[in-house]
Amino acid sequence: MMHPMRKKRLQLICLGILGIGIALALILTAFEKNLMYFYSPSEIHAGDAPAKRPFRIGGMVVEGSVVRQAESLGVWFNLTDTANEQMVYFEGILPDLFREGQGIVAKGQMNKSGLFVASEVLAKHDENYMPPEVAEALENVQHNSKVD
Amino acid sequence: MFRFFYHYSSLRNFYFFSAKLTPFLIAVFLAFLIYSLYGALISAPADYQQGDSFRIIYVHVPSAWMSLLVYMAMGLSAVSVLVWRVKLAEITLGAIAPIGATFTLAALITGSIWGKPMWGTWWEWDARLTSELVLLFLYLGVIALLKAIDDRRTGARSASILCLIGIINIPIVHYSVEWWNTLHQGPTVSKFDSPSIHIDMLIPLLTMTVAFMLYFAIISLYRIRSAILVYDKETQWVKDLIKRNERGQI
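Residues numbered from 1 in each chain as written. Chains lettered and ligands numbered in written order. Predicted model: local features only at pLDDT ≥ 70, side-chain atom pairs only at ≥ 80, totals over all residues.

Attention now moves to the overall build of chain A. Each helix and strand in chain A was counted, giving four helices and six strands. When its helices and strands are written in sequence order, chain A yields α-α-α-β-β-β-β-β-β-α. In terms of C-alpha radius of gyration, chain A reaches 23 Å, well past the compact-globule figure of 15 Å for 148 residues. Overall, chain A is about 80 × 45 × 30 Å in size when its C-alpha atoms are taken along their principal axes. Within the span of chain A, comprising 148 residues, buried residues form 22% of the whole. Looking at chain A alone, contacts between residues at least 24 apart form 41% of all its contacts between residues at least 6 apart. (Helix = DSSP H or I, 4+ residues; strand = E, 2+ residues; numbered from the N terminus. Rg over C-alpha atoms; globule rule 2.2 N^0.38 Å. Buried ≥ 20, exposed ≤ 12 C-beta atoms within 10 Å, placed from the backbone. Contact = placed C-beta atoms within 7 Å.)

What follows concerns the pairing of strand β4 (residues 85-91) of chain A. Residues and elements named next belong to chain A. Judged by which residues are buried, β4 turns out to be one-sided: Gln86, Val88 and Phe90 face inward and are buried, whereas Glu85, Met87, Tyr89 and Glu91, on the alternate face, are not. As paired elements, strand β3 (residues 74-80) and β4 share seven bridges and run antiparallel to each other. Each bridged residue has a counterpart across the sheet, and for Val75 the counterpart in β4 is Phe90. Where β3 folds back on β4, the antiparallel hairpin that results is connected by four residues, among which Thr82 adopts a positive phi of roughly 75°. Here β4 pairs with strand β6 (residues 116-124) via three bridges, running parallel. When the bridges of β6 are listed, Tyr89 appears paired with Val117. (Pairing = 2+ DSSP bridges.)

Here we take up the domain arrangement of chain A. When the parts of a complex come together, some accessible area is lost, and that lost area is often taken as the interface size. For chain A, the domain assignment lists domain 1 (4-33) and domain 2 (36-124). The gap between the C-alpha centroids of domain 1 of chain A and domain 2 of chain A is 40 Å. (Domains from an automatic or database assignment.)

Residue and element names in this part refer to chain B. With their axes 8 Å apart at the nearest point, helix α3 (residues 57-84) and helix α4 (residues 87-118) run at an angle of 155° to one another. When the axis of α3 is compared with that of α4, the two are roughly antiparallel. Of the two elements, α3 crosses α4, and the hand of that crossing is left-handed. When the residues that make up the contact of α3 with α4 are grouped by side-chain class, the tally is 18 nonpolar, 10 polar and one charged. (Axes fitted to C-alpha atoms, helices over the stretch in contact; angles between N-to-C directions. Parallel < 35°, antiparallel > 145°, perpendicular 65-115°, else oblique. Left-handed = near helix turned anticlockwise from the far one by under 90°. Nonpolar A, V, L, I, M, F, W, Y, C, P; charged D, E, K, R; others polar.)

The subject of this paragraph is the confidence of the model for chain B. Mean pLDDT over chain B: 91, with 97% of residues reaching 70 or higher. Note on the complex model: pTM 0.88, ipTM 0.78. (pLDDT = per-residue confidence, 0-100.)

Our focus in this paragraph is the nonpolar core. The nonpolar side chains of soluble globular proteins are, as a tendency, buried together. Ranked by internal contacts, the top residues of the largest apolar core, which has 54 residues, are B:Val70, B:Met74, B:Ala78, B:Leu93 and B:Val142. Listing elements by their share of this core, those giving two or more residues are α2 (11-43), α3, α4, α5 (127-148), α6 (152-166), α7 (169-179) and α8 (199-231) of chain B. Examining the composition of this core, we find that 14 residues originate from one element, α3(B), more than from any other. Setting aside residues no more than four positions away along its own chain, B:Val70 makes contact with B:Ile96, B:Ile99, B:Gly100, B:Phe103 and B:Phe216. Within the second largest apolar cluster, 27 residues are counted, among which are A:Phe38, A:Phe90, A:Leu122 and B:Trp114. (Core = buried A, V, L, I, M, F, W, Y, C linked by C-beta atoms within 7 Å.)

Time to look at unusual backbone geometry. Across residues other than glycine, the phi torsion is negative in most instances, and most of the peptide bonds are trans. Residue and element names in this part refer to chain A. A positive phi angle, close to 60°, is found at Glu71, a residue other than glycine. You can call Glu71 exposed: it has 6 C-beta atoms within 10 Å. For Thr82, which is not glycine, the phi dihedral falls at a positive 75°. When you line up the elements, Thr82 lands in the loop between β3 and β4. For Thr82, a count of 10 C-beta atoms within 10 Å corresponds to the exposed category.

With 34 residues of chain B at the contact, the number on the chain A side is 30 residues. Listing elements by their share of the side of chain B that touches chain A, those giving two or more residues are α3, α4 and α6 of chain B. Top contributing element to the side of chain B that touches chain A by residue count: α3(B), with four residues. Residue composition of the side of chain B that touches chain A, grouped by class: 21 nonpolar, 11 polar and two charged.

So, about α8(B). Spanning 33 residues, α8(B) covers 47 Å between terminal C-alpha atoms, matching the ideal 48 Å at 1.5 Å per step. Among all positions of α8(B), only B:Met201, B:Pro204, B:Leu205, B:Thr207, B:Met208, B:Thr209, B:Ala211, B:Phe212, B:Phe216, B:Ile224 and B:Ile228 are buried. (Expected span 1.5 Å × (residues − 1).)

Our focus in this paragraph is the pairing of strand β1 (residues 55-61) of chain A. Residues and elements named next belong to chain A. Extensive coverage of β1 is indicated by the burial of six of its seven residues. Bridge count between β1 and β3: two bridges; the pairing is antiparallel. Note that in β3 the partner of Met60 across the bridge is Thr80.

All names here are of chain B. Contact geometry of α2 with α8 gives a least axis separation of 7 Å together with a crossing angle of 155°. In terms of orientation, α2 lies roughly antiparallel with respect to α8. In this structure, the crossing between α2 and α8 has a hand that is left-handed. Class assignment of the residues belonging to the contact of α2 with α8 gives a composition of 25 nonpolar, six polar and two charged.

Residues and elements named next belong to chain B. With respect to the helices and strands, the residue Leu146 is situated in helix α5. Exposure remark for Leu146: the 20 C-beta atoms within 10 Å place this residue in the buried category. With 13 residues separating them along the chain, Leu146 and Ala159 place their C-alpha atoms 6.0 Å apart. Not counting residues within four places of it along the chain, the set of residues in contact with Leu146 comprises Gly94, Gly155, Ala156 and Ala159.

Given below as structure tokens:
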């Protein structure tokens, strides 16, 4: 049997943590949008992204969509979340991990013609870690199943 | 059961028991550390995307896990302080807080070093990075409260309350990458289907984590034992210990 005084203290602690937990859950739900680090192309198409101020967009670089401007650092590419695509323009040095099929996050603003003009591009690496041979083998399997 | 806890939560018994435990822990720790270092630096293959740079995972991830684990250990101590007024828990709280803060700092710094070449930035205010920074401030808050209040027992109680308020942050750190869009990628090891890391890379990561845990145990025991001596300095057993030490019997 627990001492009544101690039992009361334990109950008080549990109640306190529960109360703070609920309060915080409500706050986080209310600020959900502001806590989103980036918007997906689908959210931009749905009109959820801010039109007049800078924000971040995240997605995968569409295979074969990267077009480099001759004699400058300008580059166009499409970002996809597999449902929708968004065209991005960026002028500057891309991170090492930037490549087609790679997840990236770009910061910038929409212009009038619906092009996302980025001022900064960050690479977002995935949670997979494997030796190159395994990655190659996986790619071959995927490729073969597509051919079939 | 209760007698067991009473026996080992007495400061004197804990002091002598942990002294016997420490050499054994050090031996196991060294074995795990050497094996993990070999695994991490030599036997694990390079990553398909990140090459050899991914090896920083063997410091970053165990540090980050420890930052959460030590906080949970602090949370347990805090409950023991508030409900049962266990002296050993008061000492433990103060002894492990700086260790946890150091692990958190290590996770933040190694993450930053990793982020620069891979993501292209040292720091971004995404949910994972920000909540881990909040964790560091919680540790610093607990340490500051313990130091600021002169009466040791009152200080331990105040710090325990802060610690338990902050425990809400632990699930936020862990689930931040799933609840929100973040620059930090999702979980690799702790998910329900199989971990998305090659087995040869995973094993050194897990053994390194065990090495970090043992390191934490060893350092905490040292800190707790020296705090016990200070706490009990007016008691006969500590005075006897000091006398024996002066005569060179220890």
